[in-house]
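Each chain, written out:
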Amino acid sequence: MKKYLLIFACLILSLPMMAQAWGYVKDEGGYTNIRSGPGTNYGIVEKRRDGTAIMYSAGTGSWLRAYTDDGRFVGYIHTSKVVKKEPRNPRYSDSYYTDIRQGTVVREGGYTNIRRGPGVNYPIVDKVRDGSTIWYSGRGSWLKVYYGDGSFRGYMSANKIIR
């Protein structure tokens, strides 16, 4: 019996620790494929919308292991498609983030502008793919929008966000 326990303990200790982290699917044009194995020759098992949060861990070569929000393994995503930032969840008790809410950019067939100030007379500083998840705060016709880490991104017309 001790022999089996020793073998079991050695196996457990030899398994690599798979620390999971949060990041974001890079905004490059709509969605990114998650594949059944670490390479483009493997089938697509899921498509993740660009700009959405993703849980990942170390994988094989330049491929990361991708997970659902509740930690179940889904497949593999290329490292070049992941922005490795820890997202700030607005449900945290930090008072700075309590007003930030999550929404979805209205689908109109392309991109929506993010501006330097609250109005069309301000220059465009960024664009976000329609249908993407976005973090925002405020009330009125223009809302402040944020990156997933809580840093300020710019302003977006309130009628472009599904709340």
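Note that the structure is a prediction, hence the values are computed from the model and not measured.

Explain the pattern of salt bridges to me, please; I cannot follow it from the model alone.
By the definition in use, this model includes three salt bridges. Residue Glu46 pairs with Arg48 through a salt bridge whose shortest N-O separation is 2.3 Å. For Glu46, a relative accessible area of 25% corresponds to the partly exposed category.

In this structure, what is going on with the packing of aromatic side chains? I would like to understand it.
Two aromatic rings, taken as a pair, are described by how far apart their centres are and by the angle between their planes. Following the criterion strictly, the structure yields four aromatic pairs and no others. Residues Phe73 and Tyr76 carry aromatic rings whose centres are separated by 5.5 Å and whose planes lie at 75 degrees to one another, so their mutual orientation is edge-to-face. According to the relative accessible area criterion, Phe73 is partly exposed, its value standing at 38%. When the centroid spacing of 5.4 Å and the interplanar angle of 75 degrees are considered together, the rings of Phe152 and Tyr155 count as edge-to-face. For Phe152, a relative accessible area of 41% gives the class partly exposed.

Can you help me understand the nonpolar core in this one?
Soluble globular proteins tend to pack their nonpolar side chains together in the buried interior. Val105, Ile114, Val128, Ile134, Tyr136, Leu143, Val145, Met156, Ala158 and Ile161 form the largest nonpolar core, which has 10 residues in total. Only strand S11 (133-137) and strand S12 (142-146) provide two or more residues apiece to this core. Core analysis: the next-biggest nonpolar cluster, separate from the first, contains nine residues, Ile54, Ala66, Val74 and Ile77 among them.

Help me out: how do you make sense of the environment of Ala58 in this one?
Note that Ala58 resides in strand S4 (residues 53-60). For Ala58, a relative accessible area of 61% gives the class exposed.

Is there a simple way to explain the side chain of Thr112 in this structure?
Turning to its location among the elements, Thr112 is positioned in strand S9 (residues 111-115). Of the residues examined, Thr112 reaches a relative accessible area of 5% and is grouped as buried. Polar contacts involving the side chain of Thr112 include one to the side chain of Asp130, which spans 2.7 Å. Residues within four places of Thr112 in sequence aside, it is in contact with Val105, Asp126, Lys127, Val128, Asp130, Met156 and Lys160.

Rules of the game
Residues numbered from 1 in each chain as written. Predicted model: local features only at pLDDT ≥ 70, side-chain atom pairs only at ≥ 80, totals over all residues. Heavy atoms only, no water. Salt bridge = Lys/Arg side-chain N within 4 Å of Asp/Glu carboxyl O. Buried < 20%, exposed > 50% of the residue type's maximum accessible area, 1.4 Å probe, protein only. Phe/Tyr/Trp six-rings, centres within 6.5 Å; stacked < 30°, edge-to-face > 60°. Core = buried A, V, L, I, M, F, W, Y, C linked by side-chain atoms within 4.5 Å. Helix = DSSP H or I, 4+ residues; strand = E, 2+ residues; numbered from the N terminus. Polar contact = N/O pair within 3.5 Å; in protein donor to acceptor, adjacent residues only side chain to side chain. Contact = heavy atoms within 4.5 Å.

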